[in-house]
Amino acid sequence: MDRIDTDILIVGGGAAGLAATALFAAEGFDVTCVDAAPPVTDAAAPGADLRTTALMTPSVEALTRAGAWAHLAPHAAPLATMRLVDAGGPDPVPAPRETADFTAAEMQPEPFGWNLPNTALRAGLLARLADLPRARLRAPATLAALTLRETEAIARLDGPEPAQVRAKLVVAADGRDSAARTLAGLTARRWSYAQKALVFAVAHPEPHGGVSTEIHRTGGPFTLVPLPDAADGAHRSSVVWMETGPKAAALAALARDDAEGFAEALNLRGCGALGGLALASPVATWPIIAQLAPRLDGPRTALIAEAAHVVPPIGAQGLNMSVADAATLARIAGEALRAGEDPGGAAALARYHRARWPEMAARVAGIDALNRAAMAESQVLRDLRRMGLRAAYQTAPVRRAAMRLGMGAKA
């Protein structure tokens, strides 16, 4: 059995875990990241994550500090405008007065953020880790046991090359069903919305112009997020289409068995956006849940990303919250190290919990409320949703506050 001594053990090699590895390495730590499977970086490969991620300005800044953004920027499309559309009337047609454009230029010269495929995101983060002599990824490797002592954590890894890892800090970044969280004795509260999201890419004749469009009707939002143009010049966007579970299952079957029928349903729900949408990738489905851990810290352990929180895919908050977790934890650990403190000790980890949990809880609650409003079937509730959108857009201080929150300002 291999024996590995490291400062930081990160469990989970998804985008959040790889970003955390780069951020801790930038703080001067020796970092080992482990995952049950090597990251899939080819969109055509089995098991590829077909979703895209919009990285807002604070996430881009954090990844720039970690030296990773240069590997990601060539694959990203700018998000200059966030367009919210209420199409909750009897017909799926947005009235002009129910469309609100939140424009980055009102706040800053740069876009709100950048959107890129998750496979490209993982590939870029792996390229950055290859440049860092103190960062390494070990996959496949599964966390099988965790012993948390006063001065260190000892992890046993199973896999083709079993290993024992000694670390000052274990970072749980292994998803909503986190094994590291369970082995550390930490918990999370979960609830469901009886929704699923259909995720795929589309081509369209009109350029998106850097506009991300979120169209609200009963069942959940339908979101078009800009992608870079294809090699042949075709304009592309990614779609996240949230619906109740049975309807999402029926739509997924339609995409598989009746291309013309799915295209008709797609363009009806997309309200004719961008001159018509044509399916340009397989369709994947994801269950929609929310989750929040009551504590982010335990003995020698910290929770980040979906081990700590899960939110519906509204407003591009999920991974941006995760990058904020990783950046905050790495900064606090680095400050502790430079002050002669134990970066995995109770005092440093309690500071991390205090720094992130109130903001995290507020965002989870806010996105929960937005999703429930988006799902509303009652005409009264749909009217209230429409009036709320109109008021938020027409009141400049409220509009700017909403944009700051969307970009990552404290809730």
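Above this text sits the structure in question.
Residues numbered from 1 in each chain as written. Predicted model: local features only at pLDDT ≥ 70, side-chain atom pairs only at ≥ 80, totals over all residues. Heavy atoms only, no water.

(A) Expanded view of the sheet that holds strand β13 (residues 169-172). With mixed pairing, six strands are arranged side by side in an open sheet as β9-β3-β2-β13-β21-β20. Looking at which strands have only one partner, the edges of the open sheet turn out to be β9 (135-138) and β20 (297-298). Bridge count for β20 against strand β21 (residues 301-303) is two bridges, and the pairing is antiparallel. Each bridged residue has a counterpart across the sheet, and for D297 the counterpart in β21 is A302. (Pairing = 2+ DSSP bridges. Helix = DSSP H or I, 4+ residues; strand = E, 2+ residues; numbered from the N terminus.)

(B) Expanded view of the environment of L63. Topologically, L63 is positioned in helix α2 (residues 57-65). By relative accessible area, which is 2% here, L63 ends up buried. Beyond its immediate stretch of four places on either side in the chain, L63 contacts A19, L55, A68, W69, L72 and L125. (Buried < 20%, exposed > 50% of the residue type's maximum accessible area, 1.4 Å probe, protein only. Contact = heavy atoms within 4.5 Å.)

(C) Representation of unusual backbone geometry. Of the consecutive residues A139 and P140, the connecting peptide bond is found in the cis state with omega at 10°. By the element assignment, P140 lies in the loop between β9 and β10 (142-148). Here the phi dihedral of C271 falls at roughly 55°; this positive angle occurs in a residue that is not glycine. With respect to the helices and strands, C271 occurs in the loop between α7 (259-269) and β18 (278-279). Of the residues examined, C271 reaches a relative accessible area of 21% and is grouped as partly exposed. One non-glycine residue, A305, lies in the positive phi region at around 55°.

(D) Structural view of the pairing of strand β17 (residues 235-244). The element β17 is largely enclosed, with a buried count of seven among its ten residues. Bridge analysis of strand β14 (residues 189-204) against β17 gives ten bridges, and the strand direction is antiparallel. Looking at β17, one finds that V199 is bridged to V240. Sheet topology places strand β16 (residues 220-227) next to β17; six bridges connect them, and they run antiparallel.

(E) Fine view of the sheet that holds strand β1 (residues 2-5). With mixed pairing, the four strands of this open sheet are ordered in space as β1-β12-β11-β10. The sheet is open, and its two borders are formed by β1 and β10, each paired with just one other strand. Across the sheet, the mean angle from the axis of one strand to that of its neighbour is 20°, orientation sign disregarded. Where strand β11 (residues 153-158) and strand β12 (residues 163-167) come together, five bridges link them in antiparallel fashion. By the bridge assignment for β12, A153 is matched with A167. (Axes fitted to C-alpha atoms, helices over the stretch in contact; angles between N-to-C directions.)

(F) Broad picture of the packing of helix α6 (residues 245-257) against α7. Taken N-terminus to C-terminus, the directions of α6 and α7 make an angle of 135°; their axes are 6 Å apart at the nearest point. Classified by the angle their axes make, α6 and α7 are oblique. For α6 against α7, the interelement crossing comes out left-handed. Contacts between α6 and α7 involve L251, L254, A255 and D257 on the former and, on the latter, A259, G261, F262 and A265. (Parallel < 35°, antiparallel > 145°, perpendicular 65-115°, else oblique. Left-handed = near helix turned anticlockwise from the far one by under 90°.)

(G) The arrangement of the packing of aromatic side chains in detail. Scanning the entire structure with this criterion turns up five aromatic pairs. Judged by centre distance (5.6 Å) and plane angle (70°), the ring pair of F200 and F262 falls under edge-to-face. Of this pair, F200 sits in strand β14 while F262 sits in helix α7, and the two are 62 residues apart along the sequence. Taken individually, F200 and F262 each receive the classification buried, so the pair is uniform in this respect. Site record: aromatic cluster; members linked through ring pairs are F200, F222, W241 and F262. The residue whose ring lies beneath R51 is W286, and the NZ or CZ to ring-centre distance is 3.7 Å. (Phe/Tyr/Trp six-rings, centres within 6.5 Å; stacked < 30°, edge-to-face > 60°. Lys NZ or Arg CZ within 6 Å of the ring centre and 35° of its normal.)

Such coordinate-based values are descriptive only and should not be taken to indicate function.
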